[in-house]
Amino acid sequence: MMRSLFSGVAGLKTHQTKMDVIGNNISNVNTVAFKSSSTTFSDIMYQTTSQASGATANRGGTNAKQIGLGVTNGATKISITSAGAAQSTGDALDIRLTDSNSTNFFIVNNGSENLFTRAGSFYIDGNGNLAMTTTGYLVMGWQVDPQDPANVIKDTVTPLRVMRPENLTSAPEATTNANFSGVIDKNDSQFSSSNGYIRSFTFYDNLGYSYTAKFAIKRIPDEIPGEYNGKFTVELSAIYDSENNDILANYLRDGGNLQDIFGENVQTTSAYEAVANTYSFSLGGLNEITMTDSSTGNTYNYNNATQTFVNNADPTDTLTLSAVSGIPNDKTVTGVSITIPAGQTSTNILNITTQTIGYELSFDTSEGFLNYAGVAGNKNLMLNTALLGPNKADAALSNIDIDFSKMLNYDNGGTSTCVANRGVQDGSSMRGEGKKLGTMTGLSVQNSGKIYGSYSNGNTVLLGQIAVAQFANASGLEEMGDNCYQTTLNSGEFDGIGIEVSADGSSMNTGQLEMSNVDLSGEFTDMITTQRGFQANSRIITVSDTMLEELINLKR
């Protein structure tokens, strides 16, 4: 009879323990990444009052006579492999682990040892470290390889100090490529001006200082009037620094050659019709060009040295080449000739050869695409800005390869749309455009755990990678409180290095947290059965006490 009292007490204790577990589960129903626990009962032991006997030829065997001595808490099992639902937070440093084949854990350090957690609510502490918001424990991972900044060194995990001083800025890059693209229309009025069609682009040196290169695109007059030649020149006009100083002009003033920076001597011969229909040209003695003005009867000989027409009767009466042919005064004239048609003695056309420092752009006159830039077969030209310094002994500027292949020569209603930009298209991104010094504008975490910094100059830089831990028996981890676990003899050891979360198809999802996996409906059901079990065990004690009381009353 006394055994039943102690069995009842054991039942009360075990059901009380189960109620403690249920209470803990329910109290943590909103705890981030909390894992619910459950209890399993087992009987304690049995008192054997009679051993079992075997059967004989004349008599059957008997079973053992045993009396149970109560119940105990056989095990408390944590449901650690069951993931909680996702809770959206929108915070880039809130990370939820999505498991594929194994249960993953973040690795954190409390200053003396590595612990493990599923709670991915992180922030950047005062030292720039990625840390847990609840405890301040430092998140562990792999550092960037200094020899190959695009990758990490998967070695022993260390704290991820993503906001260290050197990560707050992104180094500038010198511009190494540029391009011209769009339509140029020969009928654009800008081509008839002395300045030409002006285009410019901004570029950077290795220190992040900006410069502006200014170009002029000019049309080469047709060799034969009325027969379009599809030819233009592109000339470098100026290069300004960020303080609007023309460093190209300074270079030329100091004895530099423009051809060394951009361009070559381009000789072009074009036909210019006399500005007055009374002018005619013929060859005089010694093949001199003689101009006759039929309105006055005066004759003029061309003086190549002064580039003027001199009146044979009055040397003080001169006419400039520009006044006779209409050629702009800013042209550098290197030669003048005439071609007299067969059967005639004169012509009203002057063939004038001019020289510019630049490159020729030749377009296909039937299709409009660029044939070449500079020389046949070439569509890229080099701008040798490295010669401009600013410190010529240790130049911060790099030479710029300019691509002209995207230029087109079409009729666009007299309007040209050609533009110049730094960089060239390389797939979905720009290559060689150069960048100024960038300041960090944000952090992002990829599904693989790699942490990238975004900068104001458009750069995205790898800052480290969050490592995870996996265990042979994750349920064997010991709960330490604060959503953290530590290894035990039954969980398996942590090797100190960790693995990449995507190694088995798992991932990290930012802007989300893992919710508690507590099932309230199941907990309330367990609460009911636990309550009834406790009541039933209390009745064992009550009834046993009543029976003892009856036994004592037998003496009365």
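Every chain is numbered on its own, with residues counted from 1 as its sequence reads. Given that this is a predicted model, residues contribute local features only at a pLDDT of at least 70 and side-chain atom pairs are listed and counted only at 80 or more, while totals for whole chains, interfaces and linings are drawn from all residues. Only hydrogens and water are set aside; all other atoms, that is, all heavy atoms of the structure, feed into the side-chain values.

Visitor: Provide a residue-level description of the overall build of the protein, including the pertinent values.
Guide: Going along the chain from the N terminus, every DSSP run of H or I of four or more residues is numbered as a helix, and every run of E of two or more is numbered as a strand. For the protein, the helix and strand inventory stands at five helices and 39 strands. Relative to the globule expectation of 24 Å for 556 residues, the C-alpha radius of gyration of the protein, 46 Å, shows a markedly less compact shape. A total of 556 residues make up the protein; the buried ones form 40% of that total. Considering only contacts in the protein between residues 6 or more positions apart, those separated by 24 or more positions represent 61%. Accessible surface for the protein amounts to roughly 28300 Å². Of this, 48% is attributable to carbon and sulfur atoms. The positive count covers Lys and Arg only, the negative count covers Asp and Glu only, and His and the chain ends enter neither. Throughout, a charge is located at the NZ atom of Lys, the CZ atom of Arg, the CG atom of Asp or the CD atom of Glu. For the protein, the separation between the mean place of its 32 positive charges and that of its 54 negative charges on side chains is 16 Å. A radius of gyration in this sense is built from C-alpha atoms; the matching globule rule multiplies 2.2 Å by the number of residues raised to 0.38. Only protein chains enter the calculation, and the probe is 1.4 Å; a residue is then buried if its accessible area is under 20% of its type maximum, exposed if over 50%, and partly exposed in between. The contact rule is simple, with two residues in contact once any of their heavy atoms fall within 4.5 Å. Accessibility throughout is a Shrake-Rupley quantity obtained with a 1.4 Å probe, and a residue counts as covered only by protein chains that appear here.

Visitor: Kindly report on unusual backbone geometry, identifying the contributing residues and their values.
Guide: In this structure, A33 takes a positive phi of about 60 degrees despite not being glycine. The residue A33 is located in the loop between α1 (2-27) and β1 (37-43) in this model. Despite not being glycine, D482 shows a phi value in the positive range, around 55 degrees.

Visitor: Before we move on, can you summarise the pairing of strand β25 (residues 349-363) with the specific residues and values?
Guide: With 12 of its 15 residues buried, β25 lies for the most part within the structure. Sheet analysis places strand β17 (residues 231-241) next to β25, joined by four bridges and oriented antiparallel. Bridging from a neighbouring strand, K231 pairs with S362 of β25. As defined by bridge partners, strand β18 (residues 264-273) adjoins β25 across 10 bridges and the pair is classed as antiparallel. Bridge pairing links E273 to I349 in β25. Pairing between strand β24 (residues 332-337) and β25: five bridges, direction antiparallel. Opposite S337, over in β25, you have N351 as the bridge partner. By the bridge criterion, three bridges tie β25 to strand β26 (residues 370-373) in an arrangement that is antiparallel. Strand pairing is defined by DSSP finding a minimum of two bridges between the two strands.

Visitor: Provide a residue-level description of the nonpolar core, including the pertinent values.
Guide: Nine residue types can take part in a nonpolar core, namely buried Ala, Val, Leu, Ile, Met, Phe, Trp, Tyr and Cys, and a core is a set of them joined through side-chain atoms within 4.5 Å. Judged by nonpolar contacts, the single largest core of 36 residues is most densely connected at F201, F215, F262, L383, I402 and F404. Those residues in contact with L383, other than ones at most four positions away along the chain, are F201, A213, F215, L236, I261, F262, N399, I400 and I402. Judged by nonpolar contacts, the second largest core, of 24 residues, contains L93, V139, L443 and V501.

Visitor: Go over the sheet that holds strand β22 (residues 308-311) with me, naming the residues and quoting the values.
Guide: Taken together, five strands build an open sheet; the order of strands is β19-β20-β21-β22-β23 and the sheet is antiparallel. The open sheet has two free edges, formed respectively by β19 (279-283) and β23 (318-320), since each of these has just one partner strand. In this sheet, neighbouring strand axes are inclined to one another by 30 degrees on average, regardless of whether the strands run parallel or antiparallel. Inspection of the sheet shows β19 paired to strand β20 (residues 289-293) by five bridges, in the antiparallel sense. Orientation is described by axes fitted as lines to C-alpha atoms, over the contacting stretch for helices, and by angles from 0 to 180 degrees between their N-to-C directions.

Visitor: Give a detailed account of the sheet that holds strand β29 (residues 419-422), specifying residues and quantitative values.
Guide: The strand order β27-β28-β14-β29 describes an open sheet built from four strands, whose pairing is mixed. In this open sheet, the two edge strands, each paired with only one partner strand, are β27 (380-383) and β29. For this sheet, the mean inter-axis angle between neighbouring strands, taken without regard to orientation, is 25 degrees.

Visitor: Can you explain α1? Please cite residues and give values.
Guide: Its 26 residues give α1 an end-to-end C-alpha distance of 38 Å, which sits within 8% of 38 Å, the value for a rise of 1.5 Å per residue. Burial in α1 covers these residues: L5, S7, G8, A10, G11, L12, T14, H15, K18, V21, I22 and N25. Summarising the contacts, the buried residues of α1 are in contact with β1, β3 (65-68), β4 (71-78) and α5 (520-552). Each residue after the first adds 1.5 Å to the expected span of a helix.

Visitor: Explain the environment of G208 to me, and be specific about the residues and the numbers.
Guide: With respect to the secondary-structure elements, G208 resides in the loop between β15 (197-204) and β16 (210-219). On the basis of relative accessible area, G208 is assigned to the buried category, the value being 16%. Those residues in contact with G208, other than ones at most four positions away along the chain, are P172, K435, K436 and L437.

Visitor: Describe the packing of α1 against α5, with residues and values.
Guide: Relative to each other, α1 and α5 sit at 160 degrees, their axes nearing to 8 Å. Accordingly, the angle class assigned to the pair α1 and α5 is roughly antiparallel. α1 and α5 meet at a crossing whose hand is left-handed. In terms of residue class, the contact of α1 with α5 is made up of 14 nonpolar, 13 polar and four charged. In what follows, roughly perpendicular refers to angles from 65 to 115 degrees, roughly parallel to angles under 35, roughly antiparallel to angles over 145, and oblique to any angle outside these ranges. For a crossing to be left-handed, the near helix must be turned anticlockwise from the far one by less than a right angle; the clockwise case is right-handed. Classes in brief: Ala, Val, Leu, Ile, Met, Phe, Trp, Tyr, Cys and Pro nonpolar; Asp, Glu, Lys and Arg charged; the others, Gly included, polar.

Visitor: Got a sec to walk through α5? Specific residues and values, please.
Guide: Here α5 contains 33 residues, and its C-alpha end-to-end distance of 48 Å stays within 8% of the 48 Å for a straight helix at 1.5 Å per residue. For α5, the set of buried residues is E523, T530, G533, N537, S538 and S544. Each element contacted by the buried residues of α5 is listed here: α1.

Visitor: How would you summarise the environment of A305 if you had to cite specific residues and measurements?
Guide: Mapping A305 onto the fold places it in the loop between β21 (298-303) and β22. The spacing of A305 and N457 is 152 residues in sequence and 55 Å in space, taken between C-alpha atoms.

Visitor: Before we move on, could you go through the packing of aromatic side chains and cite the residues and values that matter?
Guide: For Phe, Tyr and Trp, where Trp contributes only its six-membered ring, two rings pair if their centres lie within 6.5 Å, and the inter-plane angle classes them as stacked under 30 degrees, edge-to-face over 60, or tilted in between. Under the defined criterion, the tally for this structure stands at 17 aromatic pairs. Arranged with centres 4.7 Å apart and planes meeting at 15 degrees, the rings of F180 and F404 form a pair that is stacked. Residue F180 is found in strand β14 (residues 177-184), and its partner F404 is found in strand β28 (residues 400-409); the two are separated by 224 residues along the sequence. For F180, a relative accessible area of 0% gives the class buried. Both rings, one in F191 and one in Y197, keep their centres 5.6 Å apart while their planes meet at 45 degrees; by these two values the pair is tilted.

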